[in-house]
Amino acid sequence: MGKNPERDKSSDLLPGTLEMLILKALQRGPLHGYGVAEWIHRASSEALSVEEGALYPALHRLEVKGYVSSEWGESENNRRAKFYQMTRAGQKQLTQEAERWERISSVIGQVMQTA
Amino acid sequence: MPFSEHFRQTLTRLRALFLRKQLEQDLDEELAFHRSMRESQIQQDDRLPPEAAHIVASRTIGSEAKWKDYCRDAWRFNWLEEFLQDLRYGVRTLRKSPSFTAVALLTLALAVGANTAVFSLVNTLLLRPLNSPESNRLALLRLAPGEGYSFSYPLFRQLEHDQQAFSEVFAFGGHGFHVQGVGGVEEVSGSMVSGSFFAAFRVPPEAGRYLIPSDDVQGGAPVVVVSSRFRDRFFGHGATVVGRHVVLDRVDFTIVGVMPAHFQGAEPLSRRELYIPLALEPLVDAPFSSIAGGIHSWWMRVGGRVRPGVSMEAANQWLRRGSSNILHRVIQDPKWTFNNRTRDQIYLAADAGAGGYSYLRFRFRRSLIVLMGLVLVVLLVASLNLASLLLARSATRERELATRFALGASRSRVMRQLLTESLLLTCCGAGLGVAMSPALVRVLVAYLSQSDLTLAFDTTPDWRVLAFTAIVSIVAAVITGLTPALRSTGRDLRDKMRDHRSSVNESARTPLGLRVLLGSEIACALVLVTGAALLAQSLFRIQSAPLGFNPVDVTVHALSLQKSTRTPQAKIALYHDLQAQLSGGSGTKFVSFASVLPVSGSV
């Protein structure tokens with residue numbers, strides 16, 4: 001992320017948050033990589049666009065860690081696509097990450113609001 | 001990361017190792033799908049023709065190769081595969097410069113070979129414990145202060161009778177037995193041992209029984225315990241010998257037991273084949289007797305096994321307390337002295353005896369330690385030398401390294417590669433060194449034993465030698481590889497590349513690390529050269545020292561009438577006869593006899 005200086009800086013994410021966002025995207029059900037990117041883009045009101053160079057490695061890392069599993073299936077336009085599905089370990093990880101995120105953002109928010 | 005998760009990931013990666021092709025296909029297909037989705041979306045959103053959409057998509061997606069590489073990383077044992085990659089690259093680089101590789105390998109092989117060889121000897125002579133259960137409880141007794149390991153018969157008997165700190169106290173004295181074999185008389189190295197000797201070592205006999213205290217009485221039946229080697233040589237392999245007879249020093253002995261090959265006795269470096277009771281010494285030493293020599297005849301070593309629950313210090317304290325009583329009983333003459341000390345000034349002491357006894361140890365300990373130090377310095381010099389060679393070489397590789405940095409390699413990555421190269425070099429060198437160390441050991445052993453065939457140097461490498469060699473090789477690898485790796489990946493080089501500045505100014509200022517490297521190399525080399533020069537000079541002096549006589553045209557013949565049954569008068573007559581006959585021969589000027597030849601001892 002952010003390796004290309006010409007890109008909009010707003011798409012930079014804090015380290016570790018991308019994996020959390022991916023898990024969040026997969027919470028509703030299986031998606032292919034493109035679907036994950038689209039979901040994050042839409043859910044952030046088009047503020048975040050995830051680079052392919054970051055998205056796919058992150059998905060593969062999650063797969064090696066056992067937080068998601070993958071399966072080849074048919075996409076909406078009838079093409080073979082690799083679908084990712086969250087595992088039970090992934091669900092647990094998402095809950096933990098979300099809690100952590102909540103805590104950090106509220107603390108940082110509090111600090112920033114101090115006069 | 002919890003262990004179970006770590007384990008699971010390792011399994012996943014292991015599986016991926018075998019499904020590499022499948023993984024690559026999946027990756028390609030996944031990207032192709034993503035690209036087509038992106039293109040169709042761009043077509044829709046921006047109303048572009050497919051070709052234009054393809055170009056736009058390519059631009060947003062960026063370097064495909066790079067992100068595919070990141071994906072692969074997730075599945076990899078990075079370190080392992082990178083290491084293998086570095087190794088392959090290292091082999092290629094080394095093969096490109098064969099003369100450098102040959103010099104480097106030879107240097108390291110010599111250094112590691114010498115270290116392994118000398119350490120094998122240090123191990124055999126100074127470190128390796130006896131082949132006996134709980135060898136750490138074995139002790140070697142001496143008369144303190146000093147290194148007086150000799151004992152006399154009455155002193156040992158009194159000690160054996162009085163002591164309480166040891167479960168067994170034993171004495172042993174070497175003896176060359178003249179064995180009556182089929183083909184004539186042969187001298188075989190053996191030992192005269194006290195009754196508790198075998199019990200103390202806790203090694204059961206292979207056949208029959210070992211000697212016990214009731215055998216060790218003056219006038220007792222002549223019995224002998226033989227080694228399995230002796231049995232195989234004199235009676236045939238695996239023969240039943242218990243109860244059979246053997247003539248030793250003209251006395252008929254009955255074999256009562258056979259000791260297994262792994263039994264070393266108290267002298268691990270001496271190959272003792274025959275063991276007779278200590279009290280039978282007058283039988284084999286006839287017509288003389290060391291026992292009859294009493295307190296004036298010091299001819300045995302004494303050891304013991306400390307009682308369970310008694311420490312070596314406690315045993316020493318007991319010996320110290322009991323010394324005066326024992327010495328006063330044995331030595332009635334108050335004017336008697338030992339090393340200029342009276343009986344009141346000396347006491348008994350026990351040293352750790354796990355390594356057993358060997359005169360070689362006392363004779364060569366200091367030289368061996370010095371030699372070990374010397375070869376370690378040689379190793380250091382070799383490593384430093386190689387480091388500077390590598391450093392010189394890395395100067396010519398600057399362009400290659402700069403290219404790697406330019407392509408985005410991190411410093412640690414390039415360093416790892418350089419270290420892998422030097423590791424490869426040192427491992428091969430060390431392997432060669434280990435391969436040639438047995439030959440070096442043979443040379444050293446031949447020097448130490450001076451063709452004394454009764455010595456048994458078992459220098460087969462054990463875990464100590466292997467561990468030592470491993471450590472030595474790793475140290476060599478680090479010394480050899482680290483400095484050049486640090487230097488050639490340092491900021492210097494990278495800045496130089498970035499700024500395109502001339503390197504003339506830079507190299508005029510030698511960095512500290514390099515100066516330390518060169519300094520220590522020269523220091524070590526100087527120490528070695530000085531040491532070698534001193535050694536050579538003393539050798540030269542010994543060689544050139546005048547003997548005091550002219551050794552040209554002198555021949556020496558050895559003759560022993562010690563075991564002859566001739567009367568003393570007959571022996572003298574025989575000597576006269578010999579002299580007369582030899583003088584009569586043509587070309588003989590003088591014939592003379594001597595019990596000990598001039599300068600026949602060690603230099």
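Source: prediction; values computed, not measured. (Residues numbered from 1 in each chain as written. Chains lettered and ligands numbered in written order. Predicted model: local features only at pLDDT ≥ 70, side-chain atom pairs only at ≥ 80, totals over all residues. Heavy atoms only, no water.)

Quick look at the sheet that holds strand E3 (residues 80-86) of chain A now. Residue and element names in this part refer to chain A. Here we have three strands laid out as an open sheet, ordered E1-E3-E2, and antiparallel in their pairing. Sheet topology places strand E1 (31-32) and strand E2 (68-74) at the edges, where each strand pairs with a single neighbour. Relative to E3, E2 runs antiparallel, the two being bridged by seven bridges. Paired with valine 68 across the strands is methionine 86, a residue of E3. Each of E1, E2 and E3 touches helix H1 (residues 17-26); the most contacted strand, E3, lies at about 100° to it. (Pairing = 2+ DSSP bridges. Helix = DSSP H or I, 4+ residues; strand = E, 2+ residues; numbered from the N terminus. Contact = heavy atoms within 4.5 Å. Axes fitted to C-alpha atoms, helices over the stretch in contact; angles between N-to-C directions.)

Taken together, the contact between chain A and chain B spans 24 residues of the former and 23 residues of the latter. Buried area between chain A and chain B, both sides added, is near 2400 Å², and the carbon and sulfur share of it is 57%. For the interface between chain A and chain B, the tally reads one salt bridge. As a salt-bridge pair, glutamate 29 of chain B and arginine 80 of chain A come within 2.8 Å of each other at their nearest N and O atoms. When residues of the side of chain A that touches chain B are traced back to their parent elements, those giving at least two are helix H2 (33-43), helix H3 (52-65) and E3 of chain A. The dominant element in the side of chain A that touches chain B, judged by the number of residues it contributes, is H3 of chain A, at nine residues. (Buried area = accessible area lost by both parts, 1.4 Å probe. Salt bridge = Lys/Arg side-chain N within 4 Å of Asp/Glu carboxyl O.)

Residue and element names in this part refer to chain B. Inspection of every chain in the model, using the stated rule, returns 19 aromatic pairs over all chains. Ring centres of tyrosine 575 and phenylalanine 593 lie 5.2 Å apart, and the angle between their planes is 65°; on these two criteria the pair is classed as edge-to-face. With tyrosine 575 in helix H19 (residues 568-584) and phenylalanine 593 in the segment after H19, the pair connects residues that are 18 residues apart, well separated along the chain. An aromatic cluster is present here, built from Phe170, Phe172, Phe197, Phe198, Phe201, Tyr210, Phe263 and Tyr275 joined pairwise through their rings. (Phe/Tyr/Trp six-rings, centres within 6.5 Å; stacked < 30°, edge-to-face > 60°.)

The subject of this paragraph is a nonpolar patch on the surface. On the surface, a nonpolar cluster with roughly 600 Å² of combined accessible area is contributed by Phe7, Leu11, Leu14, Leu17, Phe18 and Leu19 of chain B. By the secondary structure assignment, leucine 19 of chain B is in the loop between helix H1 (3-18) and helix H2 (20-46). (Patch = residues over 30% accessible without salt bridge, like charges linked within 9 Å, V, L, I, M, F, W, Y side chains within 5 Å. Areas by Shrake-Rupley, 256 points an atom, 1.4 Å probe, with all protein chains shown as cover.)

A few words on the confidence of the model for chain A. Mean pLDDT over chain A works out to 83, with 87% of the residues at or above the 70 mark. When mean pLDDT is taken per element in chain A, E1 of chain A scores highest with 92 and H3 of chain A scores lowest with 85. (pLDDT = per-residue confidence, 0-100.)

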